[in-house]
There are 2 protein chains.
Amino acid sequence: MKKFLFYSILFIPFIGHAQQDLAKYVKPIIGTQKMGHTYPGAVVPFGAVQLSPETDTLSYELNGKYNGDVYKYCAGYRYEDKTIVGFSHTHFSGSGHSDLGDFLIMPTQGKLQLNPGVASDPKGGFRSAFSHQNEVAEAGYYKVKLDDDHILAELTATKRVGMHQYTFPKSDQSHIILDLIAGIYNYEDKNVWTYVRVVNDSLVTGYRQTNGWARTRTVYFAMSFSKPFVKYGQKNYDRKQAYKGFWGKFDQTKNFPEIAGKQIRMYFDFKTEDQEKVKIKFAISPVSQENALENMRAEIPGWDFEQVKKQAKEEWNKELNKITVNTSEDDKVNFYTAMYHAFINPTVYTDVNGQYKGLDQGIHETKGFTNYTTFSLWDTYRALHPFFNLIQPSRNNDMVKSMMAHYDQNSLKMLPIWSHYANDNWCMSGYHSVSVVTDAIIKGVYNGDPEAALAACIVTSNRRDYEGIGDYIDKGFIPAEKSGVSISNTLEYAYDDWCIAQLAKKLNKQDIYQEYMKRSGNWENNFDSSTGFMRAKMADGTFQKKFDVMSTHGQGFIEGNSWNYSFFVPQNPKLLIERMGGKQKFASRLDTLFTMHLPDEFFADTEDITREGIVGGYVHGNEPAHHVAYLYNWTDQPWKTQSRIRMILKMQYKNAPDGLGGNDDCGQMSAWYIFSSLGFYPVAPGSDEYSLGSPAVKSAVLKLENGKTFTVDAINQSDKNVYVQKVLLNGKAITTHTIKHGEITDGGKLTFYMGSKPAK
Amino acid sequence: MKKFLFYSILFIPFIGHAQQDLAKYVKPIIGTQKMGHTYPGAVVPFGAVQLSPETDTLSYELNGKYNGDVYKYCAGYRYEDKTIVGFSHTHFSGSGHSDLGDFLIMPTQGKLQLNPGVASDPKGGFRSAFSHQNEVAEAGYYKVKLDDDHILAELTATKRVGMHQYTFPKSDQSHIILDLIAGIYNYEDKNVWTYVRVVNDSLVTGYRQTNGWARTRTVYFAMSFSKPFVKYGQKNYDRKQAYKGFWGKFDQTKNFPEIAGKQIRMYFDFKTEDQEKVKIKFAISPVSQENALENMRAEIPGWDFEQVKKQAKEEWNKELNKITVNTSEDDKVNFYTAMYHAFINPTVYTDVNGQYKGLDQGIHETKGFTNYTTFSLWDTYRALHPFFNLIQPSRNNDMVKSMMAHYDQNSLKMLPIWSHYANDNWCMSGYHSVSVVTDAIIKGVYNGDPEAALAACIVTSNRRDYEGIGDYIDKGFIPAEKSGVSISNTLEYAYDDWCIAQLAKKLNKQDIYQEYMKRSGNWENNFDSSTGFMRAKMADGTFQKKFDVMSTHGQGFIEGNSWNYSFFVPQNPKLLIERMGGKQKFASRLDTLFTMHLPDEFFADTEDITREGIVGGYVHGNEPAHHVAYLYNWTDQPWKTQSRIRMILKMQYKNAPDGLGGNDDCGQMSAWYIFSSLGFYPVAPGSDEYSLGSPAVKSAVLKLENGKTFTVDAINQSDKNVYVQKVLLNGKAITTHTIKHGEITDGGKLTFYMGSKPAK
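Bear in mind that the values here come from a model prediction, so they are computed numbers and not experimental data.

> Got a minute to help me understand the overall build of chain A in this structure?
Counting its regular elements, chain A contains 20 helices and 38 strands. Taken over the C-alpha trace, chain A has a radius of gyration of 26 Å; the compact-globule value for 760 residues is 27 Å, and the two agree within 12%. Dimensions of chain A, computed from C-alpha atoms along their principal axes, come out at roughly 80 × 75 × 50 Å. The buried share among the 760 residues of chain A stands at 68%.

See below:
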């Protein structure tokens, strides 16, 4: 053993420099079944292009009403499906609402069919049957056999360019379809306008402008074929076309190079030899067709698909190698797939020339940073951005700069809520940008102007006409008569205000600190001491009569009932415990949460998750309770944090297509997994402390951007040894159940000694 | 007398430098009644902004069918109407189809009304009654009293900025309405998208994107108020709005600064004292909101309405002074109003920073020229561009460069047909860009690459899939089975091909010259020698059986019957005369044309004109016969050209709102007036010769850009003395009835001696 250890030590620095192939552990298929809402296609870290198959493109509406099934297709692909309708270039990873699905491409051969057809009869349209046996999904690469037309489809990507490789059989009727109607969360009027310009026989450019979750969104593209098409054409499905008379001067359906309309599908025809590969480079840009072309030329100058695929894998390995773990093969899959999912969103939103579209719909140029979009902040402020502060600080610095640019360009004068593609869709509650901004400054990651950042946080928090903020400021709570989500909002505003207070304190703004500390106590206004639960309050100050701790709707919450939300005071667990009757009572309430049964009627009420997404009454598939298992650390029973965490890690993250118990939520669920696997978690971002849990890895080495490494060792680690007996930081015992950010970034070693019994 | 003359001579150079106030003769109201389709609002020469009242904004459709009345509102304003619905910023001048009408603004006070209301009940909406007594329309200035709310509206403009000045009564409910739904040739789906950003309490920016005559058109704006509004709001009339749920986070109807949708009206509220003036600067840009703002700041930095108005008038005077005429006061009105109408279109389509949107929908920067748009070429190649070659050569040089840029950016590889706002609507027949390009090169006006220009002409003329060009090339005519306008096309292509031949000859391309001279003879294929008329030909080479020389539709023509179109061989009148049986027979056919009676059924068939727009069977209100009166010069009876011209000048151009007999067609009708008033006309642009007519002025001085002056004197001029007795150029007699372009640009004097009887 000693000899072996000796070799290991010798090898560590060597391994540290050479990259391991950790990408092999990434299984993009995890989460594609049931509620994970991930996608299996090709993407590079934080890539603007997410090139992935769509198994269906449902309409948002069915017979004039909201089509509930559309929700299942947030990521375009469902593992359960048997047909693929095409491959599109933009996807959210794990979101709970959706948009995107731009520029669907499908290869076919034989008789040209321009309708997608239905799943029950794939041969009736351009879609094709496929099977998972003939499907490969890897980091940066996706392959599938399209059974109907015997075409092998392969996809890979760079940051801004998707590359397709289609292997055709011999056919003089091979087609590539470009469907500009298709989209995710689609509906009849979602396409505001689409435009295509056939520049020559192998280059096509254009744009798609939509009115969807993002109200005003335009994506430009440039599409280059490895082989000239012999002919092409379009069909316009617009309900009505303007001034068609003059358009009759040409036959615009065939070989007509200027195409525009709201509902257009195009085809490009080829003759192919048996096993001939036709490749496509498809670049996107938020700014212009020209920029898309520039992105393409910069990122994929040639036609070597294998080289692009290799490069995508190398990019992933570079990111994945920032943490090397020693754990079971299965857990390595879970860990690196979590790393993969954590490193997809936010996405790059700058062209290679530095231009991007701002929230003011104008073209801007980044000065010294990469602009990012896709901020699912209600989710990701909790663990994903803190994780970035640790392991991707440069990127998180740029993300905060992107948020500040959003603020500067926003006529509403608010930091982003849920923003994507130069729009805010204001999804979910709170103004959690302030948490991300504060956490980045507190942890020394943000190198922009902290005074300007504080000012932006303050202005955002005083936007009185947004979701009850006016009442919140005036009364300290939001009257239940005025809002269906009054408690969620109040609790989350209170936490956010605490973040602002921390930032003010750091900048020595005592007045602001005091003001916001006071606001951060507003959670108490919704705390009903007679029941010990958060409870909706009426304008007159009395609690809402109808009270049900199990129910979400009608009780003032979103994605969580009072049982879960009552624990949402991450900024002050100590006082919450006091209000809830002390440590013992509090711990036993936590016990109840994790062991109770949530009847079906209330489960249905808790949106967005599967039955697997809950543990007792604890809802892990949604975010509001993500910190809750760590709260035992504030009681006298921290070992329960340890066992709960290990249980959640096992139950909620599995190496299987349905391995995620809820939406991955743009990486938040995955970031929870990574932190918790490593043995610590940021209960209250904005603080520089992590709360200790129970590591699931045997060991881990974090390679920090500052050149230092931080090692986590779990001695006597096993599935049964979930209890921490003692913890040493660089050889010194930790008794606080916390570790500071700076203690990690200074480099060093955190050693957990594990055992099968609580160390009471 | 001698003494007086002596003084006159002394004063001439002095007057030549000091500008006369010729703008006072401009009556923008001429042509606003009946079929002129001009507008009375404020514009500067070639200005991108045409700020003018709309008396109605009809829908293109009524009960699902084309609404014939919409045609009357091509320019938004009809003199006959009694109400004004608002003031919008873009208008075509005298067009026969339309678009534009962007950004309608209306001041109101009292109860806010956001619907425009109907003409019969103006108080039921935001429109207002007005009367012509309270209306002033001048070059660069428009004023009207809005009776309903006792508001005085005044408008002026710079190139890219409209300036409004509204004098309100005392009211705490004064409103400025910004109607983004309104438009010309409007219909439900014309607005593809509109976007408004309230930057602060006195600055608003945004854009309007439409799918109209221009398929894909976006106009950006910046709107600045002289006084902060106290509140604002919007109403969204969209049939359906996406994901409205999340939008409920704000009250988006009031004081919400990010507005987007397809059908939006906004209001801005003020408190006003009695006689308080609220001013607006409204800038537009084809590129971006930012550019619009830059245009505004560059062109109207301050708030001095009177100064902007004065400057607009000065700009007009500068242009009008390029020709000074001595004629009756009434004819001065006609002449300078014609000059005014001639100098409105094409319009500047470049921002102050040199950027513009190209036909590829990308942003381009002009290098050394101003980019123009609004090319109504079927009309304007005839006399307007030739007039520019004489009196606005720098601008016409830039216009040809704009056409070449259009070609370079056009994936269709064609020079413009009828282009506006980075689109081609391909209205009318022919490819008359080649005439404009050739004429500019032949006359030494174009300083770009002539070889590239010739190449563009050739490629355009070989676009086989455009309006029968393939058949035209293969057969020398377009089969009547395939096209309803087969003859118009063939005749016009043949003339255009002659232009290309002239250009090739100039560039010493003998092969191309021969090829295109051959093509230019294709008119003969539609000439039926048995009837002496142009007649539709079938694919098998036989003439169409059903033949009616009076009828337009079904006979192969557009905007002209065989009687008019049979004379359309401007490139070779000599041969046409021969084919028609010699000079005598030809002259008597011309006589018949001018004296025949066109029965009502055939008049209805000839589109776009009023009864006043015809002289016998000669249709002056449309363009195809504009050269016809000059054809007597090729016979032995040139005096008939002289009398006909004088008669047309009198009949077709009057100092009255209904003074124009047909659409002014972006200045073509006016250019005809100017040339003909001066005594010469370009029968075949592409040739350097003008055909002489009968001047209507007593004298005229043309101040050329090269610093030289050219004087026309008509000795013994009077209404009765319409016949030219002799003509001297610099003292030497002209016997050819022609004058060369170079003879004018060399400077000098053309002296007509007039008499009451033909000089046979």
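Past the structure itself, the notes keep going.
> What exactly am I supposed to notice about helix α3 (residues 289–299) of chain B here?
Two residues of an α-helix separated by three or four positions point the same way, owing to the 3.6 residues in each turn. Listing the buried residues of α3 of chain B in full gives Gln 289, Asn 291, Ala 292, Leu 293, Asn 295, Met 296 and Glu 299 of chain B. Looking at the buried positions of α3 of chain B, the neighbouring elements they touch are β11 (161–168), β13 (191–200), β14 (203–210), β15 (217–225), β19 (276–285) and β22 (355–357) of chain B.

> Would you explain the state of the cysteines in this entry?
Disulfide: a covalent bond connecting the sulfur atoms of a pair of cysteines. Summed over the entire model, instances satisfying the criterion amount to zero disulfides over all chains. Free of any disulfide, Cys 74 of chain A has its nearest neighbouring cysteine sulfur in Cys 666 of chain A, separated by 10.0 Å. Not engaged in a disulfide, the cysteine Cys 499 of chain B finds its nearest cysteine sulfur in Cys 457 of chain B; these two sulfurs lie 8.6 Å apart.

> Can you walk me through the domain arrangement of chain A in this structure?
In many analyses, interface size is given as the accessible surface area lost on bringing the parts together. Residue and element names in this part refer to chain A. Its domain assignment divides chain A into domain 1 (29–318) and domain 2 (354–538). For domain 1 and domain 2, the distance between their C-alpha centroids amounts to 35 Å. Taken residue by residue, the interface counts 19 residues in domain 1 and 17 residues in domain 2. Here domain 1 and domain 2 share an interface that buries about 1,500 Å² over both sides, 65% of which is from carbon and sulfur atoms. It is Phe 46, Trp 213 and Val 287 in domain 1 that bury the most area against domain 2; as a group they hold 42% of the surface buried on that side. Linking domain 1 to domain 2 there are zero salt bridges. Between domain 1 and domain 2 we count four residue pairs in polar contact (both at pLDDT 80 or more) in total. With four residues, strand β15 (residues 217–225) is the single largest residue contributor to the side of domain 1 that touches domain 2.

> How should I be thinking about the interface of chain A and chain B in this particular structure?
On the chain B side, the residues contacting the 56 residues of chain A number 56 residues. Connecting chain A to chain B are two salt bridges. Measuring nitrogen to oxygen at the nearest pair gives 3.3 Å for the salt bridge that ties Lys 249 of chain A to Glu 467 of chain B. Taken together, the links from chain A to chain B amount to 21 residue pairs in polar contact (both at pLDDT 80 or more). Of all elements in the fold, only β13 (191–200), β14 (203–210), α2 (244–247), β17 (258–261) and α3 (289–299) of chain A reach the threshold of two or more residues within the side of chain A that touches chain B. For the side of chain A that touches chain B, the leading source of residues is β13 of chain A, giving five residues. Classifying every residue of the side of chain A that touches chain B gives 26 nonpolar, 14 polar and 16 charged.

> Just to check I follow, could you spell out the relation of the copies chain A and chain B for this structure?
Applying a rotation about an axis and a shift along it to one chain copy brings it onto the other copy. Aligned on chain B, chain A shows an RMSD of 0.1 Å; the corresponding rotation is 180 degrees and the shift along the axis is 0.0 Å. Interpreted geometrically, this transformation is the action of a two-fold axis. Considering only C-alpha atoms, the part of chain A nearest the rotation axis is Val 192 of chain A, at 3.0 Å. Both copies share a contact surface, since 100% of the interface residues of chain A are interface residues in chain B too.

> How do you make sense of the sheet that holds strand β32 (residues 689–692) of chain B when you look at a structure like this?
Strand pairs in the sheet, formed through backbone hydrogen bonds, run parallel or antiparallel to each other. Residues and elements named next belong to chain B. Pairing is antiparallel across the open sheet formed by three strands, whose spatial order is β31-β32-β37. Looking at the sheet topology across the chains shown, the edges are occupied by β31 (680–681) and β37 (738–740). Inspection of the sheet shows β32 paired to β37 by three bridges, in the antiparallel sense. Bridge pairing links Ser 691 to Thr 738 in β37.

> Looking at this model, I keep getting lost on the sheet that holds strand β32 (residues 689–692) of chain A. Mind explaining?
In spatial order, the strands read β31-β32-β37 (chain A); together these three strands make up an open sheet with antiparallel pairing. Because the sheet does not close on itself, it has two edges, and the strands there are β31 (680–681) and β37 (738–740) of chain A.

> Would you take a moment to explain the packing of aromatic side chains for this structure?
A complete count under the given rule lists 108 aromatic pairs over all chains for this structure. An angle of 45 degrees between the planes, with centres 4.5 Å apart, marks the rings of Trp 316 of chain A and Tyr 340 of chain A as tilted. Within this pair, whereas Trp 316 of chain A is found in helix α4 (residues 305–320), its partner Tyr 340 of chain A is found in helix α5 (residues 329–342), the two being separated by 24 residues in sequence. Both residues of the pair, Trp 316 of chain A and Tyr 340 of chain A, count as buried. Plain terms: the ring middles of Phe 221 of chain B and Phe 282 of chain B are 5.0 Å apart, the flat faces sit at 15 degrees to each other, and that makes the pair stacked. One end of the pair, Phe 221 of chain B, is in strand β15; the other, Phe 282 of chain B, is in strand β19, and 61 residues separate them in sequence.

> How do you make sense of helix α12 (residues 486–506) of chain B when you look at a structure like this?
Residue and element names in this part refer to chain B. Its 21 residues place the ends of α12 30 Å apart at the C-alpha level, agreeing with the 30 Å of an ideal helix rising 1.5 Å per residue. Most of α12 is tucked away, with 19 of its 21 residues classed as buried. A positive backbone phi angle near 60 degrees is found at Asn 508, which sits one or two residues after α12.

> Just checking my understanding: could you explain the nonpolar core for this structure?
In globular proteins that are soluble, nonpolar side chains generally tend to be buried together. Membership of the largest hydrophobic core comes to 213 residues, with the highest contact counts inside it found for Phe 87, Ile 323, Phe 387 and Phe 680 of chain B. Three or more residues apiece are contributed to this core by two domains, here domain 1 (33–318) and domain 2 (358–547) of chain B. Formed by 212 residues, the second largest nonpolar core is a distinct cluster that contains Ile 151, Ala 157, Val 204 and Phe 567 of chain A.

> I keep staring at the pairing of strand β35 (residues 723–729) of chain A and nothing clicks. Help me out?
Residues in a regular strand project their side chains so that they alternate between the two faces of the sheet. Residues and elements named next belong to chain A. In terms of burial, β35 is largely enclosed, as five of its seven residues are buried. Sheet topology places β35 next to strand β38 (residues 748–755); six bridges connect them, and they run antiparallel. By the bridge assignment, Val 724 is partnered in β38 with Met 754. Bridge analysis of β35 against strand β36 (residues 732–733) gives two bridges, and the strand direction is antiparallel. Note that in β36 the partner of Leu 728 across the bridge is Ala 733.

> Could you clarify how one ought to interpret the environment of Glu 559 of chain A in this entry?
Structurally, Glu 559 of chain A is set in the loop between β28 (533–534) and α14 (562–565). Glu 559 of chain A sits 63 residues away from Asn 622 of chain A along the chain, and the two C-alpha atoms are 6.5 Å apart.

Cut-offs applied
Residues numbered from 1 in each chain as written. Chains lettered and ligands numbered in written order. Predicted model: local features only at pLDDT ≥ 70, side-chain atom pairs only at ≥ 80, totals over all residues. Heavy atoms only, no water. Helix = DSSP H or I, 4+ residues; strand = E, 2+ residues; numbered from the N terminus. Rg over C-alpha atoms; globule rule 2.2 N^0.38 Å. Buried < 20%, exposed > 50% of the residue type's maximum accessible area, 1.4 Å probe, protein only. Contact = heavy atoms within 4.5 Å. Disulfide = S-S within 2.5 Å. Domains from an automatic or database assignment. Buried area = accessible area lost by both parts, 1.4 Å probe. Salt bridge = Lys/Arg side-chain N within 4 Å of Asp/Glu carboxyl O. Polar contact = N/O pair within 3.5 Å; in protein donor to acceptor, adjacent residues only side chain to side chain. Nonpolar A, V, L, I, M, F, W, Y, C, P; charged D, E, K, R; others polar. Least-squares fit on C-alpha atoms with pLDDT ≥ 70 in both. Pairing = 2+ DSSP bridges. Phe/Tyr/Trp six-rings, centres within 6.5 Å; stacked < 30°, edge-to-face > 60°. Expected span 1.5 Å × (residues − 1). Core = buried A, V, L, I, M, F, W, Y, C linked by side-chain atoms within 4.5 Å.

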